Structures are given as C-alpha cells and as structure tokens.
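# Examining the three-dimensional arrangement
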Amino acid sequence: MREDDFVIDQNWKGYTAEEHAVWDLLYRRQRDLLKDRADPAMLRGLETLNLNRGGIPNFAEINIELKARTGFEVVAVPGLVPDEVFFNHLANRRFPAGQFIRTRAQLDYLQEPDIFHDVFGHVPLLTDPVFADYMEAYGKGGLRATKFGRLKNLAALYWYTVEFGLIETPQGVRIYGAGISSSKDESMFALDDPSPNRLRFDLERVMRTRYRIDDFQQTYFVIRSYDELFRATVDTDFAPLYGRLADGSDYAADTVLPADGVVQAGTQAYARTKAAG
Ligand code: HBI
Ligand code: FE
C-alpha cells in the first residue's frame, strides 16, 4: 500500500454557485491585470487549459490537455501538505492543488494555498516543457535536500522562483511566480514599485537569501529563461553546494551585494526606455 499522499477527490460537483462566482471574479481581475505583466508563456498556458470556461475548473478536464503537453497532472489536496509529500508529488509530475476556494471576504489575502492560487498561479506554466522539467527536478532535489538538512536553502529557491520569480522577455521584465500572479496588489508592486530590488538570478545567491512570508517581497530575482533555471538545478552538484551552505551564512531579504546584477523593470520604466530610443 502507498503511504499517505494526502490526495482527495476534488468533488467538483460539490462547489456552490457562490464558489464558482468567486473564481470567475478572481479570474477576470487577474487576467486583465496580467495581460501586459505576465510572461506570455503563462498567458498561453491559461488559454491552452481553457481555465476561463466559467467557474472553478474541473481537474479531470484540465488534466487531459496538461498530461498531453508535459505529462503533468493536477491532484486535489486539503491544503498545505508535509514537505516530503509535496516533493514526492512534484518528483512524479503531479501538482498538488488546494481543493477549496477562498471566500469573498478573503479575496485579497489568505494564508493557505487555495485552488485559485494553485490552479491560476501554478498550473498554466506546467504546460511549458522546460518549466515542467524544472518542477520535477525541484521535487527530486527536495527529497535529497531533506537528507542533507538543507531544506531551508531549497525552500528559498522555490520561493524566489516558482512563487515570486520574474523573467526577462523581449517585451520587458515579466511575472512568472504564482505568488505574484495570483495576487492583485503584488502583480502591480513586483514590476512597478520603485522600492524592491530586482536582481539577476544566481542559484547560490538565491539559496542563501531569507524571505518574508507576511508582506510584499523586498527582492525579486530575474531569470533569462526557464532553461537557465532548469540548467542551474541539474548542472549543479548540490553535495558541495550544501557543504558551503552549511556555514549557515545568509543574506537579509533586502540586501544588495556588490556582485549582484541589478535589472531594470517596470511597465512605466520600460515605456520610458523605449521612448528614449
Ligand atoms: N503543500 N499544498 C502545498 N503547496 C505547497 O506549495 C507546499 C506544500 N507543502 C510544503 C511546501 N510547499 C514547501 O515545502 C516547499 O515549497 C519548500
Ligand atoms: Fe504556491
């Protein structure tokens, strides 16, 4: 018998009209906001999976297209699951998504990952073959990191990429992290606010960086491509890296080091640069 994987039935028929209406409201709001802010690959994923067919998506329907594209599938879980369970799902190309949806009173903030954060935020990019490979590699790396006692560092990698990552595209810096793309206020803040640092991605630098879970990020890391992300994780020998990280030194969430590359972002900043020629 398999150990408990926390998977439950989505029970799609059990959602109320109000719950479907909350999905539709959140969907429309974020879709409009992200039109010029999200990575085009994420926007394509939303279209491909037809996540706006009206109401909360039915996993059985999404999975037909998703599996055909990258072999990933979405499974329902009650909420946060233990780390090893989470890693084990990713390592086997299953994305565990919260079954419940926030209420209207919690529209802008909630602690646990609900179906809107997980499905709108995370699932579109699972249609991208390289990003899907990265997620599987991350799950496998998570199982190893636990053995090295370096989960903290690997969690920082997830946080600054899968949850709060930015990516350079021919159209400018764009959002791909689900923690940003599923949040109205952070979708604007991450690209346009002058206060946070936007730094060039570097694997070891990111893994040493602390992060805030209770406010907008003070630093975003910018990748050039999902291939850069995937290669950084598969081409790195994590055993010596974890040896170095074991000295315990880390960086505050708002630090900028002399070696950091600073990236220009902002929908307005970009417009000004373009106007200047
Ligand atoms: N469970 N459902 C769920 N979603 C997550 O993103 C998640 C989790 N459990 C653990 C976890 N994330 C963290 O371990 C990693 O992101 C590091
Ligand atoms: Fe998430």
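Before any of the text, the structure's been laid out above.
We now turn to the structure provided with this report. Just so we're clear, the structure is a prediction, and the values are computed from it rather than from any experiment.

Turning our eyes to something else, we now look at the environment of Tyr220. Positionally, Tyr220 belongs in strand S6 (residues 219–223). The buried category is assigned to Tyr220, whose relative accessible area is 0%. On a C-alpha basis, the gap between Tyr220 and Pro129 in space is 24 Å, while along the polypeptide they are 91 residues apart. Other than its neighbours up to four places away in sequence, Tyr220 contacts Phe164, Leu166, Ile180, Glu186, Phe189, Ala190, Pro196, Asn197, Arg198 and Leu199. Engagement of the side chain of Tyr220 in a polar contact is seen with the side chain of Glu186, the distance being 2.6 Å.

The next subject is the side chain of Arg174. When you line up the elements, Arg174 lands in strand S4 (residues 172–175). Buried charge without a salt bridge: Arg174, with Asp36 as the nearest opposite-charge side chain at an N-O distance of 5.7 Å. Within the structure, Arg174 has its side chain in polar contact with the backbone oxygen of Gln171 (distance 3.3 Å).

What follows concerns the coordination of the iron ion (ligand 2). Coordination of the iron ion (ligand 2) by the protein involves His117 (NE2), His122 (NE2), Glu163 (OE) and Glu163 (OE), with metal-donor separations of 1.9 to 2.8 Å. Taken together, the four donor atoms coordinating the iron ion (ligand 2) and their angles of 52 to 138 degrees define a geometry best described as irregular. Along the chain, the residues that donate to the iron ion (ligand 2) are spaced as H-x4-H-x40-E. Both residues of the pair, His117 and His122, count as buried.

Each pair of packed helices can be summarised by the angle the axes make with each other and by the distance between the axes. Running from N to C, helix H6 (residues 129–148) and helix H7 (residues 151–163) point in directions that differ by 160 degrees, and their axes come no closer than 9 Å. When the axes of H6 and H7 are compared, the pair comes out roughly antiparallel. In this structure, H6 meets H7 at a crossing whose hand is left-handed. Where H6 approaches H7, its residues Phe131, Tyr134, Met135, Tyr138, Gly141, Gly142, Ala145 and Thr146 are matched on the opposing element by Leu151, Leu154, Ala155, Leu157, Tyr158, Thr161 and Val162.

What follows is about empty space enclosed by the protein. Within the structure shown, the criterion is met by two cavities of 30 Å³ or more. Estimated volume of the largest cavity: approximately 40 Å³. Looking at the lining of the largest cavity residue by residue, the classes come out as one nonpolar, three polar and four charged. There is about 30 Å³ of room inside the second largest cavity. As for the second largest cavity, its lining consists of Gly121, His122, Leu125, Phe131, Val162, Tyr176, Gly177 and Ala178.

Here the focus is the pairing of S4. Bridging between strand S3 (residues 166–169) and S4 involves four bridges; their strand directions are antiparallel. The residue bridging Leu166 from the neighbouring strand is Ile175, located in S4. Connecting S3 to the antiparallel partner S4 that follows it, the hairpin turn spans two residues.

Counted at 1.5 Å a residue, the expected span for helix H1 (residues 17–34) with its 18 residues is 26 Å, and the 26 Å between its end C-alpha atoms agrees. Of the residues making up H1, those classed as buried are His20, Val22, Trp23, Leu26, Tyr27, Gln30, Leu33 and Leu34. Projected down its long axis, H1 shows its buried positions confined to an angular sector of 160 degrees, all on one face. Opposite its buried face, H1 presents the exposed residues Ala17, Arg28 and Asp32, each directed more than 90 degrees away. Among the structural elements, helix H2 (40–48), helix H5 (115–122), S4, helix H8 (178–181) and helix H9 (184–192) are those in contact with the buried residues of H1.

Reading the values: rules and limits
- Residues numbered from 1 in each chain as written.
- Chains lettered and ligands numbered in written order.
- Predicted model: local features only at pLDDT ≥ 70, side-chain atom pairs only at ≥ 80, totals over all residues.
- Heavy atoms only, no water.
- Helix = DSSP H or I, 4+ residues; strand = E, 2+ residues; numbered from the N terminus.
- Buried < 20%, exposed > 50% of the residue type's maximum accessible area, 1.4 Å probe, protein only.
- Contact = heavy atoms within 4.5 Å.
- Polar contact = N/O pair within 3.5 Å; in protein donor to acceptor, adjacent residues only side chain to side chain.
- Lys, Arg positive; Asp, Glu negative; His and termini not counted.
- Salt bridge = Lys/Arg side-chain N within 4 Å of Asp/Glu carboxyl O.
- Donors = N, O, S within 2.8 Å, 3.2 Å for Na, K, Ca; no water.
- Tetrahedral: all angles 85-135°; square planar, octahedral: opposite > 155°, others 65-115°.
- Axes fitted to C-alpha atoms, helices over the stretch in contact; angles between N-to-C directions.
- Parallel < 35°, antiparallel > 145°, perpendicular 65-115°, else oblique.
- Left-handed = near helix turned anticlockwise from the far one by under 90°.
- 1 Å grid on protein atoms, 1.4 Å probe; cavity = no way out; pocket = protein on both sides within 12 Å on 5 of 7 lines; lining within 4 Å.
- Points joined across faces, edges and corners; volume = space filled by probe spheres on them.
- Nonpolar A, V, L, I, M, F, W, Y, C, P; charged D, E, K, R; others polar.
- Pairing = 2+ DSSP bridges.
- Expected span 1.5 Å × (residues − 1).
- Arc of directions from axis to C-beta.

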